[in-house]
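Fold and contact review
Below, each chain spelled out in residue letters.
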Amino acid sequence: MFEQLLFILFSVAAIGSALAVVTMRNPVYCAVSLVVCLFQVAGLFMLLRSPFLAVVQVFIYVGAVMVLFLFAIMLLDMKQIRFERLFSARSWVPYAVLAGIAIEFLAVIYGGGIDALMRVSSTEAVEVKTFGKVLFTEYLLPFEVVSILLLVAMVGAIVMVKRSKG
Amino acid sequence: MTEAVIEVAIIFIKVVVLGFILFSLPLPLTWIERKIAGHIQVRLGPFRVGPHGILQPFADMVKMLFKEDVIPEQADRFLFRVAPIISMVPVFMVFVAIPFGESWTIPFINKEVTLYVADMNVGLLYILAISGVAVYGIILGGWASNSKYALLGGLRSSAQMISYEVALTFACIGVVMLASSLNLIDIVKTQTGGLTNWNVFYLPVGPLWFIIFFIAGLAEINRIPFDLPEDEGTLAAGFHVEYSGIRFAYFMLAEYIAMVSMSVLAVVLFFGGWDDPTGLGFLPPIVWFLLKVGFFIYLFMWIRFTLPRYRYDQLMSIGWKILIPLSLLNILVTGWMII
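Here is a short report on the structure shown in this document. This one's a predicted model, so the numbers in the text were calculated from it and none came from an experiment.

1. Considering the overall build of chain B
Within chain B, the regular secondary structure consists of 13 helices and two strands. Here the C-alpha radius of gyration of chain B, 21 Å, is about what a compact globule of 339 residues would show, namely 20 Å. For chain B, the spread of C-alpha atoms along the three principal axes comes to 55 × 55 × 45 Å. Here chain B, with 339 residues, has 44% of them falling under the buried criterion. Restricting to contacts in chain B with at least 6 residues of sequence separation, those with at least 24 account for 76%.

Below, the structure is given as structure tokens:
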């Protein structure tokens, strides 16, 4: 009962702040809304008995990624720059992308993919130890692939900056 | 039912007491800091209000409360008002996870209460994550003031925070590896039984962990020699240049509480928490704990009035080129030692 109430509270706040991210005009306010949204998601992780994920969410996304976002926004003084419109409002492209994502989510949920995720969560809090063990045994390959992907992205960013400099 | 009510009431009382202590702690700390500054610089420090100026903080408090709350015309009014509160709330939240001892029996009613609010599995990670959030107050305050000095202060703060948070976390990893737990109470328990069991004396890597932690911690709480966000020499007062009155007091309060939390963390992670180094037990554990914390607070103040400030590029190269590689190497060596 109480948990249900908290869930509704966090979800409504998450959706509301996520909408604010895309509708606000001032980029700094967009970033702040995103921070609020990430906190709500951390709250949802907590309700799913995974304090580790909740804390890591705050640590990585709120503590590091969003600080860099704000840094970039303030450094470029984006108040002056108006957002270029990627798509005009009448274009069908954004709607098609949204529909595609929705279909994908539904396929995961109804195709039984969610069961595999639910297997890990239980009524008891997930310990850091079990989490680490699963990550480094059962899911070792995806874990390594993601690490390589991040490394490639980092190298790519550095190469792009170096090239544009000269 | 009554059991649950009593439990909730105990937690409530603990939070209120802790909040009250933390709110009033900056009063003695400002006085002590100014006295220490005075004596280090061979002068008296505050001396007029009360004997040896001991009532000076109250005079300051009254002054802060009655000052006009100025908001610059071009400022972003909403964020300008919210920023001091954003910087203040996380530093209080950190103390939820900090243990001050194991338990204490209340005399007369013989009820044992634990000396921490929450026993978290991920306590250390929680503290590091939440204390990282406090930087938003500085960044947003700097941006919302709409002044060049304040904006530069905010920018410096964000870059500094990102750089040193990495080193700070890496320095803690060694301790976590040794205790094989993120729970602060477990970390203290592995260090009990005299000086040699303290993490700082875990040779040869222990002292290095602590030095990295301490330097990164200094940068994390914006104290000299790393107080670049509020560099008086070049940025006037940095991010809080436009703030006055009670909002300025909030920033100061946050800074002092952050210093206390960093001292507490140093004691818990590296100096055995409430462990009695003599093993004689003539002082209760909580007294040992507070003595150690007091020593670190004094150390922070001592350093403030002894060292000059680093330049911004020096700050960045110390963080990225020295502290982070050193802490990575340290983790590697620790791993070998444990295996």
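After that view of the structure, there is still more to cover.
2. Some details on the overall build of chain A
Secondary structure assignment for chain A yields seven helices and zero strands. Of the regular secondary structure in chain A, the N- to C-terminal order runs α-α-α-α-α-α-α. Burial analysis of chain A (166 residues in total) assigns 17% to the buried set. Counting contacts in chain A only where the partners sit at least 6 residues apart, residues at least 24 apart contribute 53% of the total.

3. Observations regarding the interface of chain B and chain A
Interface size is commonly expressed as the accessible surface area that is lost when the partners come together. Contact with chain B, which involves 21 residues of that partner, is made by 18 residues of chain A. Every element with two or more residues in the side of chain B that touches chain A is listed here: α5 (123-133), α6 (135-144) and α7 (148-179) of chain B. Among the elements that line the side of chain B that touches chain A, the one with the most residues is α7(B), at eight residues. When the residues that make up the side of chain B that touches chain A are grouped by side-chain class, the tally is 16 nonpolar, four polar and one charged.

4. Section: the packing of helix α1 (residues 2-23) of chain A against helix α2 (residues 27-47) of chain A
All names here are of chain A. Between α1 and α2, the least distance of the axes is 8 Å, while the angle of their chain directions is 155 degrees. Taken together, α1 and α2 sit at an angle that is classed as roughly antiparallel. The element α1 and its partner α2 pack so that their crossing is left-handed. For the pair α1 and α2, the contacting residues are Glu3, Leu6, Phe7, Phe10, Ala13, Ala14, Ser17, Ala18, Ala20 and Val21 in the first and Cys30, Ser33, Leu34, Val36, Cys37, Gln40, Val41, Gly43, Leu44 and Leu47 in the second. In terms of residue class, the contact of α1 with α2 is built from 15 nonpolar, four polar and one charged.

5. Focus: helix α12 (residues 285-304) of chain B
Across its 20 residues, α12(B) extends 29 Å between first and last C-alpha, which sits within 8% of the 28 Å expected from 1.5 Å per residue. Every buried residue of α12(B) is listed here: B:Trp288, B:Phe289, B:Lys292, B:Val293, B:Phe296, B:Ile297, B:Phe300 and B:Met301.

6. Some remarks on unusual backbone geometry
Within the chain, B:Val42 stands out as a residue other than glycine whose phi angle is a positive 55 degrees. Within the fold, B:Val42 resides in the loop between α2 (26-40) and α3 (56-66).

7. Topic: the nonpolar core
Ranked by internal contacts, the top residues of the largest apolar core, which has 119 residues, are B:Phe213 and B:Ala216. The contacts of B:Ala216, once residues within four sequence positions are left out, are B:Tyr164, B:Ala167, B:Leu168, B:Ala171 and B:Leu323.

8. Considering helix α9 (residues 205-220) of chain B
All names here are of chain B. Between the first and last C-alpha of α9 there are 22 Å, a value that for 16 residues agrees with the 22 Å anticipated at 1.5 Å per step. Restricting attention to buried positions, one finds in α9 the residues Leu208, Trp209, Phe210, Ile212, Phe213, Ile215, Ala216, Gly217, Leu218, Ala219 and Glu220. Buried-residue contacts for α9 involve α7, α11 (245-270) and α13 (312-338).

9. What about the packing of helix α4 (residues 77-93) of chain B against α11(B)?
Residues and elements named next belong to chain B. Relative to each other, α4 and α11 sit at 25 degrees, their axes nearing to 9 Å. On the basis of their axis angle, the class for α4 and α11 is roughly parallel. Two packed elements cross with a definite hand, and for α4 against α11 that hand is left-handed. Together, Pro84, Ile85, Ser87, Met88, Val91 and Phe92 of α4 and Arg247, Tyr250, Phe251, Leu253, Ala254, Ile257, Ala258 and Ser261 of α11 make up the contact between the two elements.

10. Focus: the environment of B:Lys292
Residue and element names in this part refer to chain B. By secondary structure assignment, the location of lysine 292 is in helix α12. In this structure the C-alpha to C-alpha distance between lysine 292 and alanine 254, which are 38 residues apart in sequence, comes to 21 Å. In contact with lysine 292, other than residues within four places in its own chain, are Val267 and Phe271.

Basis of the calculations
Residues numbered from 1 in each chain as written. Chains lettered and ligands numbered in written order. Predicted model: local features only at pLDDT ≥ 70, side-chain atom pairs only at ≥ 80, totals over all residues. Helix = DSSP H or I, 4+ residues; strand = E, 2+ residues; numbered from the N terminus. Rg over C-alpha atoms; globule rule 2.2 N^0.38 Å. Buried ≥ 20, exposed ≤ 12 C-beta atoms within 10 Å, placed from the backbone. Contact = placed C-beta atoms within 7 Å. Nonpolar A, V, L, I, M, F, W, Y, C, P; charged D, E, K, R; others polar. Axes fitted to C-alpha atoms, helices over the stretch in contact; angles between N-to-C directions. Parallel < 35°, antiparallel > 145°, perpendicular 65-115°, else oblique. Left-handed = near helix turned anticlockwise from the far one by under 90°. Expected span 1.5 Å × (residues − 1). Core = buried A, V, L, I, M, F, W, Y, C linked by C-beta atoms within 7 Å.

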